[in-house]
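# Survey of secondary and tertiary structure
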Amino acid sequence: EKAGFKHFMLKEIFEQPQAITNTVSGRVNPETGEVSLAEINLSAQECRNIDRIFLVACGTSWHAALVAKYWIERHAKIPVEVDIASEFRYRHLLIDERVLTITISQSGETADTLAGMRIARKMGSKAITICNVVGSTMTREADGTVYTHAGPEIGVASTKAFTSQLAALFLFTIFLGRHRGTIDLAKQQELAQALIGIPAIIEHHLPKIQEQVGALIEGYYDCRDFLFVGRGLSYPIALEGALKLKEISYIHAEGYASGELKHGPIALIDKEMPIVAMVPQDKVYHKTISNIEEIKARQGRLILIGSEGDSHLLTITDDVVWLPKIHEDMNPILYTIPAQLLAYEIATRRGCDVDQPRNLAKSVTVE
Ligand code: F6R
């Protein structure tokens, strides 16, 4: 049932093009880019009336929320607050009927996320859930649902469910932007095309990415600590890379926004410390590069994940994972792939049971 793969996790990493395709297909008109989300139960009028969005989730799903904040604020121009569900449910919430609450949960059963949804609804907010499990508690209680169609995920560490959440959240961004009039037809087409195109790009590059990552890890698999850094849309992916590595290899890892390094974590950097940096050629590229030059000056060992043809990266380190240059908004989906594979390759090299990491459960239904 692992279809020739050594682990479910690797199989599920390779299933991502299909999972994203299944999440997107039938929901976007390829000519106009128009998005329809059958079960969302949110009218155009309601889209226009919202004045704030809360995104509520745990763990990897919370990282998807962090990416969505950038997308929604950029394209649908609504302020978005992102909350870890266990914090959301106990803080003093300022919620009324103009707030839209979106819970993101692969399982639809996570106790804190479910509690957060119930609280928000009680305060008058409409609640939508982004979920992978049909008929789960969250989909039954929410006012509307956007299903991800990732298929069952067996590996405890979330992979294809995460990138499918990103795809669903990008669909939602286009949907919202169009109904609010914050994106025009040309922009809608551009964004939809970018999303429709991403599965084929991942499919084409996956074997090469695995090869590049595999070639790197011999020098790194026995390190004790890792830092992951990124800026803008890559910041949540740095967090996700660090979480994946912690979960399955038991190596201590932290993710930071690149610009935060100098506010403390830079003290950790010496020639023993590996730093994985995401450096797509996006709006914040030059800022990220200057943060990386500071790491290099302190002799940190850098692994860069960047764009093909960016020869400047080779003046910084030989350890570069090359990815194609694509639509900027799709970088979080693409850059997740090497982060997942880095964790997978290191964990298997260390002999860890990647499908059943210690102390973790697939679904966290208690507080
Ligand atoms: C990490 C992972 C967890 C889940 C979290 C939320 O790989 O899988 O961090 O993302 O427990 O689970 P769901 O999405 O089911 O609410």
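In short, a report on the structure. Being a predicted model, the structure only gives us computed values, none of them experimental. (Residues numbered from 1 in each chain as written. Predicted model: local features only at pLDDT ≥ 70, side-chain atom pairs only at ≥ 80, totals over all residues. Heavy atoms only, no water.)

### A short note on the site of the ligand
Near the ligand, the surroundings consist of 13 residues, among which Ser61, Ser105, Gln106, Ser107 and Thr110 are the closest. Ser105 places a side-chain nitrogen or oxygen 2.6 Å from an oxygen atom of the ligand. For the ligand, whose free accessible area comes to 410 Å², the fraction covered by protein is 90%. Contributing elements (two or more residues each) for the shell around the ligand: α4 (59-75) and α10 (235-249). Of all the elements, α4 adds the most residues to the shell around the ligand, at 3 residues. Partitioned by chemical class, the residues of the shell around the ligand number 3 nonpolar, 8 polar and 2 charged. (Near = heavy atom within 4 Å. Polar contact = N/O pair within 3.5 Å; in protein donor to acceptor, adjacent residues only side chain to side chain. Areas by Shrake-Rupley, 256 points an atom, 1.4 Å probe, with all protein chains shown as cover. Helix = DSSP H or I, 4+ residues; strand = E, 2+ residues; numbered from the N terminus. Nonpolar A, V, L, I, M, F, W, Y, C, P; charged D, E, K, R; others polar.)

### Regarding the packing of α4 against α10
At a minimum axis separation of 8 Å, α4 and α10 run at an interaxial angle of 170°. Overall, the two elements α4 and α10 adopt an arrangement that is roughly antiparallel. Where α4 abuts α10, its residues Gly59, Thr60, Trp62, His63, Leu66, Val67 and Tyr70 lie against Tyr235, Pro236, Ile237, Leu239, Glu240, Leu243 and Lys244. Across the contact of α4 with α10, the residue classes break down as 9 nonpolar, 3 polar and 2 charged. (Axes fitted to C-alpha atoms, helices over the stretch in contact; angles between N-to-C directions. Parallel < 35°, antiparallel > 145°, perpendicular 65-115°, else oblique. Contact = heavy atoms within 4.5 Å.)

### Concerning the environment of Thr101
Here Thr101 lies in strand β3 (residues 99-105). When its relative accessible area of 0% is taken as the criterion, Thr101 is described as buried. With residues up to four places along the chain from it excluded, the contact list for Thr101 reads Phe54, Val56, Phe88, Ile95, Ala120, Ser125, Lys126, Ala127 and Ile128. One polar contact links Thr101 to Ser125, side chain to side chain, over a distance of 2.7 Å. (Buried < 20%, exposed > 50% of the residue type's maximum accessible area, 1.4 Å probe, protein only.)

### Details of unusual backbone geometry
When glycine is set aside, most residues are seen to have a negative phi, and most peptide bonds are trans. For Tyr250, which is not glycine, the phi dihedral falls at a positive 65°. Secondary-structure assignment places Tyr250 in the loop between α10 and β7 (252-257). Using a relative accessible area of 28% as the deciding quantity, one classes Tyr250 as partly exposed. You will see that Gln299, though not glycine, has its phi angle at about 65°, which is positive. With respect to the helices and strands, the residue Gln299 is situated in the loop between α11 (285-297) and β9 (301-307).

### Regarding the packing of aromatic side chains
Summed over the entire model, instances satisfying the criterion amount to 5 aromatic pairs. Aromatic ring contacts, followed pair by pair, group Tyr220, Phe226 and Phe228 into a single cluster. In this arrangement the basic side chain of Arg349 is found over the ring face of Tyr221, its NZ or CZ atom lying 3.9 Å from the centre. When the ring centre of Tyr250 is taken as reference, the NZ or CZ atom of Arg358 above it lies at 3.8 Å. (Phe/Tyr/Trp six-rings, centres within 6.5 Å; stacked < 30°, edge-to-face > 60°. Lys NZ or Arg CZ within 6 Å of the ring centre and 35° of its normal.)

### Brief notes about the sheet that holds strand β4 (residues 126-131)
Strand order in the open sheet made by the 5 strands is β2-β1-β3-β4-β5, with parallel pairing throughout. Each edge of the open sheet carries a strand with a single partner, namely β2 (80-84) and β5 (144-147). On average, each strand axis in the sheet is tilted by 20° relative to the strand beside it, whichever way the strands run. Here strand β1 (residues 52-57) pairs with β2 via 5 bridges, running parallel. Of the residues in β2, the one forming a bridge with Ile53 is Val80. Contacting β1, β3 and β4, helix α6 (residues 111-122) crosses the sheet at an angle of about 165° to β3. (Pairing = 2+ DSSP bridges.)

### Topic: the side chain of His75
Along the chain, His75 falls in helix α4. Classification of His75 by relative accessible area gives buried; the value is 4%. The contacts of His75, once residues within four sequence positions are left out, are Thr173, Gly177, Thr182, Ile183, Lys187, Leu191 and Asp329.

### Things to note about α11
Given a rise of 1.5 Å per residue, 13 residues ought to cover 18 Å, and the 18 Å separating the end C-alpha atoms of α11 matches this to within 8%. Those residues of α11 that sit buried are Tyr285, Thr288, Ile289, Asn291, Ile292 and Ile295. One side of α11 holds all its buried residues, which, seen down the axis, span an arc of 160°. Turned more than 90 degrees away from the buried face of α11, the exposed residues are His286, Lys287 and Ala297. In this structure, the buried residues of α11 make contact with β8 (274-279) and β9. Looking one or two places after α11, you find Gln299, whose phi comes out positive at around 65°. (Expected span 1.5 Å × (residues − 1). Arc of directions from axis to C-beta.)

### As for the side chain of Thr110
Relative to the assigned elements, Thr110 resides in the loop between β3 and α6. The exposure class assigned to Thr110 is buried, which follows from its relative accessible area of 14%. Among the polar contacts made by the side chain of Thr110, one reaches the side chain of Ser107 at a distance of 3.5 Å. Once you skip the residues sitting within four places of it in the chain, Thr110 turns out to touch Cys58, Ser105, Met138 and Val364.

Everything listed is a geometric property; what it means functionally is a separate question.
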